[in-house]
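Tertiary structure, described
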Amino acid sequence: MLTVGSLEIAHPFTQAALSGYTDLPMRRVARRHGAAYALGQMVLGTTVTHASDWQRRLLHVPADDHPVGAQLLGGEPHEFGPAARALADAGYDVIDINFGCPVHKVLRRRRGGWLLADPPAALDIVQRVLDAVGGDRPVTVKMRRGLDDSAESERRFFTILEGVFERGVAAVTVHGRTVKQRYAGRSDWEFLRRVKRHVGDRVVLGSGDLHRATDAVTMLRVTGVDGVSLARGAIGNPWIFRECLALWTGRALPPLPSPAELRETLLLHFREAVAFYGPRDGGMIMRRHAMKYSRLHPCPRKVREALIAMKEPDAFAAVLDAWFAPDGS
Ligand SMILES: Cc1cc2nc3c(=O)[nH]c(=O)nc-3n(C[C@H](O)[C@H](O)[C@H](O)COP(=O)(O)O)c2cc1C
């Protein structure tokens, strides 16, 4: 059990926030395969408070999508409170704040990972979110281990870490890379171990280099974090959740998904995507996911070539039939 404020999450293996991926269809597939909790894609505060009909639809939380967290991104502290309140009213169980995004245009606008350089601004944002929703919803924070490898950056990390817990944040997810690293190099798990020792009973989730189920279970054991946030390892591989659970509960690693299971899950994901986005966008979005699912296919290169050759969105069903036949051939 992973406890995040008032929320009890069945086990420590959670679906990370992934821009461009963790929409409702992907969250549903992840849950079906055992994810205990899922975060949506990060969203700007102003997008929430000035949402178009389409954005409102993207942010809608149906009854089967719980527990679910919304992740807020922004640079202007005053935008966070109203946005957090609107997300709580929309039904999100947790409001998460992004202090980690390393994308250049995000940093340029003093958002995401840039806030690690400015503890007063980061803590102001956290306080505003807590004031808006802290009474009835857990608030959590996602951080990288700093802006860069300097001692000053580490000092600011710990200032923010201690400050957010003092103010009442329920959990912090730490990605063991710096903002400067982006996605290159290793995630520093020794740093995660130090963070967990530093905060004691307070809840920390770890992130970074969780490519396989064994990585996730090893991170829990080696660093002592309370939960893990599965990111790239879960794109196109929702089975990673059942594998994590098996290893964690002392059972043998389940076999890799058979071609028939691959087809069944791809079909489920495809139907969800088409129902959510319509046939045109749904087909093209599925292509992106299917490129990742292809890693589990016996002929990954051929499947990827077929996906790349897709000209029309409705060609996705044909690729599925050609490469993921119903009899598993
Ligand atoms: C395509 C992609 C999109 C991401 N989007 C987000 C996001 O919206 N919010 C967030 O906190 N982290 C985001 N991340 C970071 C991941 O949640 C995670 O911290 C990072 O990928 C490290 O884990 P990994 O090495 O196991 O992939 C993203 C990562 C990737 C690869």
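Owing to the predicted nature of the structure, the values given are computational and were not obtained by experimental measurement.

Conventions and cut-offs
Residues numbered from 1 in each chain as written. Predicted model: local features only at pLDDT ≥ 70, side-chain atom pairs only at ≥ 80, totals over all residues. Heavy atoms only, no water. Helix = DSSP H or I, 4+ residues; strand = E, 2+ residues; numbered from the N terminus. Rg over C-alpha atoms; globule rule 2.2 N^0.38 Å. Buried < 20%, exposed > 50% of the residue type's maximum accessible area, 1.4 Å probe, protein only. Contact = heavy atoms within 4.5 Å. Areas by Shrake-Rupley, 256 points an atom, 1.4 Å probe, with all protein chains shown as cover. Lys, Arg positive; Asp, Glu negative; His and termini not counted. Charge placed at Lys NZ, Arg CZ, Asp CG, Glu CD. Pairing = 2+ DSSP bridges. Right-handed = clockwise from strand over helix to strand, strands pointing away. Near = heavy atom within 4 Å. Polar contact = N/O pair within 3.5 Å; in protein donor to acceptor, adjacent residues only side chain to side chain. 1 Å grid on protein atoms, 1.4 Å probe; cavity = no way out; pocket = protein on both sides within 12 Å on 5 of 7 lines; lining within 4 Å. Sits in = over half its atoms within 2 Å of the grid points. Nonpolar A, V, L, I, M, F, W, Y, C, P; charged D, E, K, R; others polar. Points joined across faces, edges and corners; volume = space filled by probe spheres on them. Axes fitted to C-alpha atoms, helices over the stretch in contact; angles between N-to-C directions. Parallel < 35°, antiparallel > 145°, perpendicular 65-115°, else oblique. Left-handed = near helix turned anticlockwise from the far one by under 90°. Expected span 1.5 Å × (residues − 1). Salt bridge = Lys/Arg side-chain N within 4 Å of Asp/Glu carboxyl O.

**Here we look at the overall build of the protein chain**
Within the protein chain, the secondary structure is distributed over 14 helices and 11 strands. The C-alpha radius of gyration of the protein chain comes to 20 Å, within 12% of the 20 Å expected for a compact globule of 329 residues. Considered along the principal axes of its C-alpha atoms, the protein chain spans approximately 55 × 45 × 35 Å. When burial is assessed residue by residue, the protein chain has 55% of its 329 residues classed as buried. Expressed as a percentage of contacts within the protein chain between residues at least 6 apart in sequence, the contacts between residues at least 24 apart total 67%. Total accessible area on the protein chain is roughly 14300 Å²; 52% of this is exposed by carbon and sulfur atoms. Here the protein chain carries 45 positive and 36 negative side-chain charges, and the mean point of each set is 5 Å from the other.

**Quick notes on the pairing of strand β7 (residues 94–99)**
Judged by how many residues are buried, β7 sits mostly within the fold: six of six residues are covered. Burial of the side chains of β7 extends over both faces: Val94, Asp96 and Asn98 are buried on one face and Ile95, Ile97 and Phe99 on the other. Inspection of the sheet shows strand β6 (residues 68–73) paired to β7 by four bridges, in the parallel sense. Across the sheet, Ala70 pairs through a bridge with Ile95, a residue of β7. Assessed by its sense of winding, the connection that carries the chain from β6 through helix α4 (residues 77–90) to β7 is right-handed.

**Quick look at the environment of Gly250**
Mapping Gly250 onto the fold places it in the loop between α10 (240–248) and α11 (259–277). Separated by 30 residues in sequence, Gly250 and Arg280 place their C-alpha atoms 44 Å apart.

**Section: the site of the ligand**
Around the ligand sit 18 residues, and of these Ser19, Gln71, Ser207, Asp209 and Arg232 come closest. A distance of 2.9 Å separates an oxygen atom of the ligand from a polar atom in the side chain of Lys142. In this structure, an oxygen atom belonging to the ligand sits 3.1 Å away from a main-chain N or O atom of Leu210. Protein contacts shield 89% of the accessible area of the ligand, which totals 610 Å² for the unbound molecule. Assessed atom by atom at 2 Å from the grid points, the ligand resides in the largest pocket. Of the residues contributing to the shell around the ligand, the split by class is eight nonpolar, six polar and four charged.

**Some words on empty space enclosed by the protein**
The full count for this structure, using the stated rule, is three cavities of 30 Å³ or more. When its volume is computed, the largest cavity comes out at roughly 120 Å³. Considering the residues around the largest cavity, the lining is formed by 14 residues, among which Tyr37, Leu39, Thr140, Thr173 and Leu205 are closest to the centre. Looking at the lining of the largest cavity, the elements that each hand over two or more residues are β3 (13–15), β8 (139–144) and β9 (171–175). Tallied by class, residues from the lining of the largest cavity come to six nonpolar, six polar and two charged. The calculated volume of the second largest cavity comes to roughly 50 Å³.

**Regarding the packing of helix α6 (residues 119–133) against helix α7 (residues 151–167)**
Running from N to C, α6 and α7 point in directions that differ by 20°, and their axes come no closer than 10 Å. Accordingly, the angle class assigned to the pair α6 and α7 is roughly parallel. Between α6 and α7 the crossing geometry is right-handed. Contacts between α6 and α7 involve Pro119, Ala122, Leu123, Val126, Gln127 and Leu130 from the first element and Arg156, Thr159, Ile160, Gly163, Val164 and Arg167 from the second. Among the residues making up the contact of α6 with α7, the classes are represented as seven nonpolar, three polar and two charged.

**Quick notes on α6**
Here α6 contains 15 residues, and its C-alpha end-to-end distance of 21 Å stays within 8% of the 21 Å for a straight helix at 1.5 Å per residue. When α6 is considered as a whole, its buried residues turn out to be Pro119, Ala121, Ala122, Leu123, Ile125, Val126, Val129, Leu130 and Val133. Of the surrounding elements, those touching the buried residues of α6 are α4, β7, β8 and α7.

**Brief notes about the pattern of salt bridges**
Tallying each qualifying case throughout the model produces 20 salt bridges. One salt bridge in this structure joins Arg85 and Asp136, with 3.4 Å as the shortest N-O distance. With Arg85 in helix α4 and Asp136 in the loop between α6 and β8, this residue pair connects regions lying 51 residues apart in the sequence. Of the charged contacts in the structure, one is a salt bridge between Asp209 and Arg186, with a shortest N-O distance of 3.1 Å. Of the two residues, Asp209 sits in the loop between β10 (203–207) and α9 (213–223) while Arg186 sits in the loop between β9 and α8 (189–199), which places them 23 residues apart along the sequence. We classify Arg186 as exposed; its relative accessible area is 62%. Connected through shared salt-bridge partners, Arg85, Asp89, Asp136 and Arg137 make up one network.

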